[in-house]
Amino acid sequence: MSQPRGSISLAGYRDLVRRNPNYRRFWFAQLISGSGDWFYSVAVYNLLLELTGSAESVAIAVVLQILPNFVAGPTAGVVNDRLSRRKVMLVADAVRAVLVLGLLFIRTAEQIPILYLLLGLEIATAAFFESGRNAALPSVVEREDIPTANALSSTTWATTVAVGAALGGVAVSFLGRDAAFVINSLSFLVSFALIWRTHFRETHAEGLGPVTVRQLLGLGPIVEGIGYVLGNWRLTLLLTLKLGLGILGARVVLVAVLGSREFAIFGKPALGMSMLYMFQGLGSLIGPLIAGPFVGRDQGRMRKAVLVGYLAPAVAYAVFSQTENWALAGLCMMAAHAGGALVWVFSTTLLHLHTDDRFRGRVFAADFGLSC
């Protein structure tokens, strides 16, 4: 039996990827660069713990993987509303490919400030890419395909966490951290090539004329975007939905430290860390697939799914904090991130459906910053 367009199911994913070649390239770019990112994250956290032996160093790295979004986010949103989003993504991929190679030269504890600087710059650049990718999605797929595309995006993130983190742990343990950094750099170059071949109409930039530096870096466009959001109460509320996931950001430190010290596999800390990240990815994969058939394209059910999505991490992380059993820890990670995926997929879909194309860059830059 064929699935209707817009369905959240494996058949719906396959149908969308098969019949839309532009989206197919768009999707592969996310899959490949995202997997490289998890190679990179496992390697960075492992390097910090080895050089310092301190969980605080990982906590600082996590902050520096979040804070730049708030600094660069408003400008990233304006840039993606004033320029070609495709070109912004291309530049971001090229810059990130160079930045991560700088980590090859971090060898001592004295060089850790340089590592932090590179992390901050990479995440600031990612803010430009992610706000552009999210804003461009409705231009790459038809409106009825937006729920499927967002669910597949979440599933893709889940796959990159599960596969990237697992392979990253293996790579760090048996090939070394340098291999992980090189692989991540190459993943950005592959993403660049795929985005280069992706073409879609960018109506937000039509008729704007020459763009000045003031239009890109001035406060006027940012204030205009804030006014647009505050003038629509529904949109204002939608932008708060991922905020709770951002509050869970401390989990990154928790998983890195506990995975390395309490759940090490075969005595290898990187494998224990990557195992927990892998279970997070599996949870994010199954969450939308379970809820999708019940939610469909009904916006009321999407809002209810977000509520359920918040309850799951609350319970799962409470249990995780008390367990020393790696299997139960893995199940807790799956349950928590299955719920988180529901929040992510359906809040993003609702934002796409209720945001004017001229403001999508700014809205999704804010969404990205609040969710990290």
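Residues numbered from 1 in each chain as written. Predicted model: local features only at pLDDT ≥ 70, side-chain atom pairs only at ≥ 80, totals over all residues. Heavy atoms only, no water.

### Some words on the packing of aromatic side chains
Aromatic rings in a pair are described by how distant their centres are and how their planes are angled relative to each other. For the structure on display, the rule yields 5 aromatic pairs. Aromatic pair W27 and F28: ring centres 4.8 Å apart, planes at 45°, arrangement tilted. Seen in terms of ring centroids, F192 and W196 are 6.1 Å apart; in terms of plane orientation they differ by 20°. Their pairing is stacked. In this pair, F192 and W196 are both assigned in helix 8 (residues 177-196), 4 residues apart and thus about one turn of the helix distant. (Phe/Tyr/Trp six-rings, centres within 6.5 Å; stacked < 30°, edge-to-face > 60°. Helix = DSSP H or I, 4+ residues; strand = E, 2+ residues; numbered from the N terminus.)

### A closer look at the nonpolar core
Y23, F26, M89, V141, F346, L351 and V363 are the most contacted members of the largest nonpolar core, which has 44 residues in total. Here this core gets 7 residues from one element, more than from any other, and that element is helix 16 (residues 326-354). Not counting residues within four places of it along the chain, the set of residues in contact with F26 comprises M89, R133, A136, L137, V140, I195 and T198. Among the nonpolar cores identified, the runner-up in size contains 27 residues, and A43, L104, L115 and F181 belong to it. (Core = buried A, V, L, I, M, F, W, Y, C linked by side-chain atoms within 4.5 Å. Buried < 20%, exposed > 50% of the residue type's maximum accessible area, 1.4 Å probe, protein only. Contact = heavy atoms within 4.5 Å.)

### Re a nonpolar patch on the surface
On the surface, V63, L67, F70 and V71 cluster together to form a nonpolar patch covering roughly 390 Å² of accessible area. With 3 residues, helix 4 (residues 67-82) is the largest single contributor of residues to the nonpolar patch. Within the element layout of this structure, V63 appears in helix 3 (residues 55-64). Residue classification places V63 among the partly exposed positions, given a relative accessible area of 47%. (Patch = residues over 30% accessible without salt bridge, like charges linked within 9 Å, V, L, I, M, F, W, Y side chains within 5 Å. Areas by Shrake-Rupley, 256 points an atom, 1.4 Å probe, with all protein chains shown as cover. Salt bridge = Lys/Arg side-chain N within 4 Å of Asp/Glu carboxyl O.)

### Concerning the confidence of the model for the protein chain
Residues of the protein chain with pLDDT of at least 70 account for 84%, and the chain-wide mean is 81. Per-element mean pLDDT across the protein chain ranges from 61 in helix 13 (residues 251-261) up to 93 in helix 5 (residues 85-99). (pLDDT = per-residue confidence, 0-100.)

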